[in-house]
Amino acid sequence: MSAAGEDLWVFGYGSLMWRPGFPFLERHIGRVHGYHRSLCVYSHYHRGTPEEPGLVLGLDRGGSCRGSTFRVAAARRDDTIAYLREREQVTSVYLERTASVTLDSGVAIRALVYIVDRTHPQYAGRLAPAEVVRLVRHGVGQSGVNPDYVRSTHAQLLELGVHDPVLSHVVGALEAAE
């Protein structure tokens, strides 16, 4: 993460791409290496409950991930970090880290990222495709219904020119069931 007094960069790979919730100066497509986007987090708050969990994205180790990278003015740095902690750390399933992100322009920056904590009880790991679809189909939480989250993320990725086969499969399965 950048030092206090410097602009802050934030990497989004899920709902932050289409609903950042904070003001930013610029947005770029970027790639983080060493992590991939995965529906690997049981959602007990935003898109489900402990009794009926939904399934949301996490950055899980291995591979790489393209997403949106936001530059936040230094004057808004502390407020943005506080907002992100309140949003992303409701159940502490994510670890707040910094990572090198390569923007599509080729410029490398350090950005704030939230990666999944594999030791957390909400870490789902790799689930069977049918179980992923079942959890997404039935998840409802404080931030809305789980299918909307997956559809919105998938649509944003398509706008960015990113193909995610897992999200494409889940969206196709949801549409086929309607």
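You'll find the structure just up there.
Residues numbered from 1 in each chain as written. Predicted model: local features only at pLDDT ≥ 70, side-chain atom pairs only at ≥ 80, totals over all residues. Heavy atoms only, no water.

Undergrad: Summarise the overall build of the protein chain; cite the residues concerned and give the values.
TA: When you go through the protein chain residue by residue, the secondary structure sums to five helices and seven strands. Listed N to C, the secondary structure of the protein chain is β-α-β-β-α-β-β-α-β-β-α-α in terms of helices and strands. Against the compact-globule benchmark of 16 Å for 178 residues, the protein chain has a radius of gyration of 16 Å, which places it among compact chains. A total of 178 residues make up the protein chain; the buried ones form 49% of that total. Intrachain contacts of the protein chain at a sequence separation of at least 6 include 72% that bridge at least 24 residues. Working note: accessible area of the protein chain is about 8,300 Å², and carbon and sulfur atoms make up 51% of it. (Helix = DSSP H or I, 4+ residues; strand = E, 2+ residues; numbered from the N terminus. Rg over C-alpha atoms; globule rule 2.2 N^0.38 Å. Buried < 20%, exposed > 50% of the residue type's maximum accessible area, 1.4 Å probe, protein only. Contact = heavy atoms within 4.5 Å. Areas by Shrake-Rupley, 256 points an atom, 1.4 Å probe, with all protein chains shown as cover.)

Undergrad: Could you give an account of the pairing of strand β5 (residues 108-116), naming the residues involved and the relevant values?
TA: Taking burial as the measure, the nine residues of β5 include seven buried ones, the bulk of the element. As judged from the nine bridges shared by strand β4 (residues 94-103) and β5, these two strands associate in the antiparallel manner. By the bridge assignment for β5, R97 is matched with V113. A loop of four residues connects β4 with β5, the two strands running antiparallel in sequence, and G106 in this loop sits at a positive phi of about 100°. (Pairing = 2+ DSSP bridges.)

Undergrad: Report on the packing of helix α3 (residues 129-138) against helix α4 (residues 146-159), specifying residues and quantitative values.
TA: With their axes 5 Å apart at the nearest point, α3 and α4 run at an angle of 115° to one another. Comparing the axis directions of α3 and α4 gives the class roughly perpendicular. Along its contact with α3, which presents L135, V136 and R137, the element α4 presents N146, P147 and V150. Residue composition of the contact of α3 with α4, grouped by class: four nonpolar, one polar and one charged. (Axes fitted to C-alpha atoms, helices over the stretch in contact; angles between N-to-C directions. Parallel < 35°, antiparallel > 145°, perpendicular 65-115°, else oblique. Nonpolar A, V, L, I, M, F, W, Y, C, P; charged D, E, K, R; others polar.)

Undergrad: Explain the state of the cysteines to me, and be specific about the residues and the numbers.
TA: Throughout the structure, instances matching the rule amount to zero disulfides. Not engaged in a disulfide, the cysteine C40 finds its nearest cysteine sulfur in C65; these two sulfurs lie 11 Å apart. (Disulfide = S-S within 2.5 Å.)

Undergrad: Can you break down the pairing of strand β3 (residues 54-72) residue by residue, with the values?
TA: Across the 19 residues that make up β3, a large majority, 15, are buried. Bridge count for strand β1 (residues 8-12) against β3 is five bridges, and the pairing is antiparallel. Residue G12 lies in a different strand from β3, and its bridge partner there is S68.

Undergrad: So what's going on with the pattern of salt bridges? Residues and values would help.
TA: Counted under the stated rule, the structure contains eight salt bridges. Linking D7 and R71 is a salt bridge whose minimum nitrogen-to-oxygen distance equals 2.3 Å. With D7 in the segment before β1 and R71 in strand β3, this pair connects stretches of sequence that are 64 residues apart. We classify D7 as partly exposed; its relative accessible area is 27%. A salt bridge links R37 to D164; the nearest nitrogen and oxygen atoms lie 3.7 Å apart. Of the two residues, R37 is situated in strand β2 (residues 26-43) and D164 in the loop between α4 and α5 (165-177); the sequence distance between them amounts to 127 residues. The burial state of R37 is the same as that of D164; both residues are buried. One network of salt bridges, in which partners are shared, links D7, E26 and R71. (Salt bridge = Lys/Arg side-chain N within 4 Å of Asp/Glu carboxyl O.)

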